[in-house]
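# Working through the structure, step by step
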Amino acid sequence: MRVVTRVSDLIGNTPLFELARTATGTRLLLKLEQFNPTGAAKIRMARQMVLDAEETGQLRPGGTIIESTSGNTGLGLAVIAAERGYRFTAVVDNHACRDKLAAMRAMGAQLVFVADEGDDQLATSAREDLAARMAKETENAFFTEQHNNPSNAVGYHAVAHELTEALGGDIDYLVCPVGTGGSLFGTARELRRQGSGVRVIGVEPVGSIAFGGPGGPYYQSGTGTPPGAEIGTAVDYDLLDEGIKVSDVDAFATARAVAAYSGLMIGGSAGGAVFAALERLASLPEGATVVTLVCDGGEKYLDTVFDDRWMRARGLLSPEAEAGVTRLLAAHDPTADGSR
Ligand SMILES: Cc1ncc(COP(=O)(O)O)c(C=O)c1O
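This report concerns the structure included in the present document. (Residues numbered from 1 in each chain as written. Predicted model: local features only at pLDDT ≥ 70, side-chain atom pairs only at ≥ 80, totals over all residues. Heavy atoms only, no water.)

### Overview of the environment of Ala 41
Selection criterion: Going along the chain from the N terminus, every DSSP run of H or I of four or more residues is numbered as a helix, and every run of E of two or more is numbered as a strand. Relative accessible area decides the class of each residue, using a 1.4 Å probe on protein chains only: under 20% of the type maximum gives buried, over 50% gives exposed, and in between gives partly exposed. The contact criterion used throughout is that any non-hydrogen atoms of two residues lie within 4.5 Å.
Of note, Ala 41 is situated in the loop between strand S2 (27–32) and helix H1 (43–55). Judged by its relative accessible area of 7%, Ala 41 falls in the buried class. On a C-alpha basis, the gap between Ala 41 and Gly 76 in space is 8.7 Å, while along the polypeptide they are 35 residues apart. If we ignore the near neighbours within four places in the chain, the residues touching Ala 41 are Glu 33, Asn 36, Tyr 156 and Cys 295.

As structure tokens, this is what we get:
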């Protein structure tokens with residue numbers, strides 16, 4: 001067991017979990033990014049954005065980091081800012097889950113809200129406009145701007161190296177949620193650079209516009225591009241083989257069914273990607289390996305996705321959808337006798 005001196009030393013080397021396997025040996029592996037500090041993948045790119053900004057002189061000692069964030073990026077930046085002696089201002093809306101905001105505060109971040117209390121709509125564009133304005137008006141401040149920052153995708157190159165180390169060249173499909181695009185396309189680009197022929201499948205909520213319209217509201221958090229927001233520069237359509245849309249009902253039903261069936265808590269956006277992967281698994285070539293990045297764990301969504309009242313009030317609770325996912329999990333249970 002290694003002794004570390006910085007929380008960021010604990011980033012990476014996250015485990016792989018086999019969730020499903022078909023009779024033909026096609027398997028769905030989950031890379032459990034919730035095992036990173038902050039319980040999410042985003043801290044990988046938060047560190048990269050800060051290190052690169054230091055190197056280019058855009059961030060100087062004692063400076064202020066500013067970012068528009070739905071939560072996980074903010075958590076990652078809060079850790080890195082605390083470690084490296086920066087102030088950190090997170091521009092947030094009430095769509096973010098309360099625990100993420102409380103944890104950012106605990107690590108010394110200043111929170112600036114763009115929406116009034118009780119308004120839980122996603123406000124990505126308003127957040128970004130305010131963050132850009134604040135960065136201009138604040139002395140020695142750097143807007144990390146995850147949606148347009150090349151360091152975002154670079155922060156995930158290590159995911160590709162970890163996958164290659166664990167699986168050799170044996171990764172046929174990468175199925176992941178797409179928000180800024182950093183995690184899917186950063187990982188995929190590095191896998192392809194290593195010579196992998198991996199097929200790249202992006203997943204976004206119904207209502208998100210990166211893979212075509214129509215746009216509309218959705219509750220999956222940390223993923224998708226809402227109508228009116230600009231599609232991030234990390235979304236690389238040349239690398240994308242297929243873009244899939246998953247409804248909130250199916251994404252959340254999947255997160256809930258996976259928790260109840262296997263005891264693994266995954267977040268709502270990972271639920272969307274797992275739904276897309278599970279649905280296709282049996283039709284994929286024999287022996288194929290599918291990898292999904294679980295961006296964060298379900299523990300962050302106890303008062304939303306895993307709260308029946310919250311789900312029912314929004315028309316999202318669907319025992320039928322959950323039963324459908326449970327049937328797929330049982331049909332493709334990778335444990336020999338069906339018990340874990
Ligand atoms: C909850 C959540 N969903 C989805 C994603 C994927 O986002 P992106 O495309 O910005 O990498 C992330 C990022 O790690 C996330 O934390």
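### A closer look at the site of the ligand
The line we're drawing: In this text, near means that some heavy atom of the residue lies within 4 Å of the molecule or strand in question. Within 3.5 Å is the distance limit for a polar contact, defined as a pair of N or O atoms, with the added protein rule that one can donate a hydrogen and the other accept it, and that residues adjacent in sequence qualify only through two side-chain atoms. Asp, Glu, Lys and Arg are counted as charged, while Ala, Val, Leu, Ile, Met, Phe, Trp, Tyr, Cys and Pro are counted as nonpolar; the rest, among them Gly, fall into the polar class.
Near the ligand, the surroundings consist of 18 residues, among which Lys 42, Gly 179, Thr 180, Ser 183 and Ser 269 are the closest. Asn 72 places a side-chain nitrogen or oxygen 2.8 Å from an oxygen atom of the ligand. One of the backbone N or O atoms of Gly 179 is found 2.6 Å from an oxygen atom in the ligand. Here the shell around the ligand is composed, by residue class, of 6 nonpolar, 10 polar and 2 charged.

### Details of helix H2 (residues 72–84)
Residues separated by three or four positions in an α-helix point in the same direction, a consequence of the helix having 3.6 residues per turn. Note the cut-off: How far a helix is expected to stretch is found by multiplying one less than its residue total by 1.5 Å.
Between the first and last C-alpha of H2 there are 19 Å, a value that for 13 residues agrees with the 18 Å anticipated at 1.5 Å per step. The inward-facing, buried residues of H2 contact H1, strand S3 (64–68), strand S4 (87–92) and helix H3 (98–106). One or two steps after H2, the chain reaches Gly 85, where phi turns positive at roughly 80°.

### Thoughts on the pairing of S2
For the record, the criterion: Paired strands, as defined in this entry, are two strands with at least two bridges between them according to DSSP.
Summarising burial for S2: 6 of the 6 residues are buried, a large majority. Taking every second residue as pointing to the same face, both faces of S2 are buried, with Arg 27, Leu 29 and Lys 31 on one and Leu 28, Leu 30 and Leu 32 on the other. Pairing between strand S1 (residues 16–21) and S2: 5 bridges, direction antiparallel. Of the residues in S2, the one forming a bridge with Phe 17 is Leu 30. The antiparallel pairing of S1 with S2 creates a hairpin that spans 5 residues between the two strands, and Gly 25 there sits at a positive phi of about 85°. Pairing of S2 with strand S10 (residues 289–294) involves 6 bridges; the strand directions are parallel. Each bridged residue has a counterpart across the sheet, and for Leu 28 the counterpart in S10 is Val 290.

### Some thoughts on the side chain of Thr 254
Note that Thr 254 resides in helix H8 (residues 248–262). Beyond its immediate sequence surroundings of up to four residues, Thr 254 is in contact with Gly 271, Val 274, Phe 275 and Val 325.

### Comments concerning the packing of H2 against H3
Convention followed: In this analysis an axis means a line fitted to C-alpha atoms, helices contributing only their contacting stretch, and an angle means the value between N-to-C directions, from 0 to 180 degrees. Note on terminology: angles under 35 degrees are roughly parallel, angles over 145 are roughly antiparallel, angles of 65 to 115 are roughly perpendicular, and the others are oblique. Left-handed describes a crossing whose near helix is turned anticlockwise from the far helix by less than a right angle; the clockwise case is right-handed.
One can describe the packing of H2 onto H3 by two numbers: an axis separation of 9 Å at closest approach and a directional angle of 15°. Considering their axes alone, H2 and H3 lie roughly parallel with respect to each other. Taken as a pair, H2 and H3 cross one another with a handedness that is left-handed. Here Asn 72, Gly 74, Leu 75 and Ala 78 of H2 come into contact with H3, specifically with Lys 100, Ala 103 and Met 104. Grouping the amino acids of the contact of H2 with H3 by side-chain chemistry returns 4 nonpolar, 2 polar and 1 charged.

### Quick word on the nonpolar core
Inclusion rule: The term nonpolar core refers to a set of buried residues drawn from Ala, Val, Leu, Ile, Met, Phe, Trp, Tyr and Cys, joined through side-chain atoms within 4.5 Å. Residue ranges for the domains originate in an automatic or database domain assignment.
By size, the foremost hydrophobic cluster in this structure holds 49 residues, and its most contacted members are Ile 65, Phe 88, Met 104, Leu 163, Leu 174 and Phe 185. Residue assignment for this core shows that the elements contributing at least two residues are H1, H2, S4, H3, helix H6 (157–167), strand S7 (173–177), helix H7 (182–193) and S10. If you count residues domain by domain, this core takes at least three from each of domain 1 (7–41 + 156–330) and domain 2 (43–150). Filtering out sequence-adjacent residues up to four positions away, Phe 88 remains in contact with Ile 65, Glu 67, Gly 74, Leu 77, Ala 78, Ala 81, Met 104, Ala 109 and Gln 110. Ile 201, Ala 251, Ala 259 and Leu 281 belong to the second largest nonpolar core, which has 39 residues in total.

### Regarding the sheet that holds strand S6 (residues 141–143)
The strand order across the open sheet formed by 4 strands is S5-S4-S3-S6, and the pairing between neighbours is parallel. The strands lining the two open edges of the sheet, one partner per strand, are strand S5 (110–113) and S6. Direction aside, neighbouring strands of the sheet carry axes that sit 20° apart on average. Relative to the sheet, helix H4 (residues 124–137) contacts S3, S4, S5 and S6, its axis offset from that of S3 by approximately 160°.

### Concerning the layout of surface pockets
Once rolled over the atoms, a probe with the size of a water molecule shows which space is left empty. The criterion, for reference: Only protein atoms enter the 1 Å grid, on which a cavity is a set of points fitting a 1.4 Å probe that cannot get out and a pocket is an open set with protein on both sides within 12 Å along at least 5 of 7 lines, lining residues being those with an atom within 4 Å of a point. Grid points are joined across faces, edges and corners, and a volume is the space filled by probe spheres set on the points.
When its volume is computed, the second largest pocket comes out at roughly 200 Å³. Lining the second largest pocket are 13 residues, and of these Glu 128, Asp 129, Glu 145, Asn 148 and Glu 230 lie nearest its centre. The leading source of residues in the lining of the second largest pocket is H4, at 4 residues. Of the residues belonging to the lining of the second largest pocket, the class tally is 4 nonpolar, 5 polar and 4 charged. Summarising the domain contributions, the lining of the second largest pocket has at least three residues from each of domain 1 (7–41 + 156–330) and domain 2 (43–150).

### Focus: the packing of aromatic side chains
Filter applied, for reference: For this analysis, a ring pair means two rings from Phe, Tyr or Trp (six-membered ring only for Trp) whose centres lie within 6.5 Å, classed as stacked if their planes differ by under 30 degrees, edge-to-face if by over 60, and tilted for the remaining angles.
For the coordinates displayed, the defined rule picks out 2 aromatic pairs. Between Tyr 219 and Trp 310 the ring centres are 5.4 Å apart and the planes differ by 80°, which places this aromatic pair in the edge-to-face class. Here Trp 310 lies in helix H10 (residues 308–313) and Tyr 219 lies in the loop between strand S8 (199–205) and strand S9 (242–246), a separation of 91 residues in the sequence. With relative accessibility at 24%, the residue Tyr 219 sits in the partly exposed group. Overall, Trp 310 belongs to the buried group, its relative accessible area being 15%. Note on Phe 252 and Trp 310: the rings are 6.4 Å apart at their centroids and 50° apart in plane angle, and the pair reads as tilted. Of this pair, Phe 252 sits in helix H8 while Trp 310 sits in helix H10; the two residues are 58 residues apart in sequence, bridging distant segments of the chain. Summarising the burial analysis for this pair, Phe 252 and Trp 310 share the class buried.

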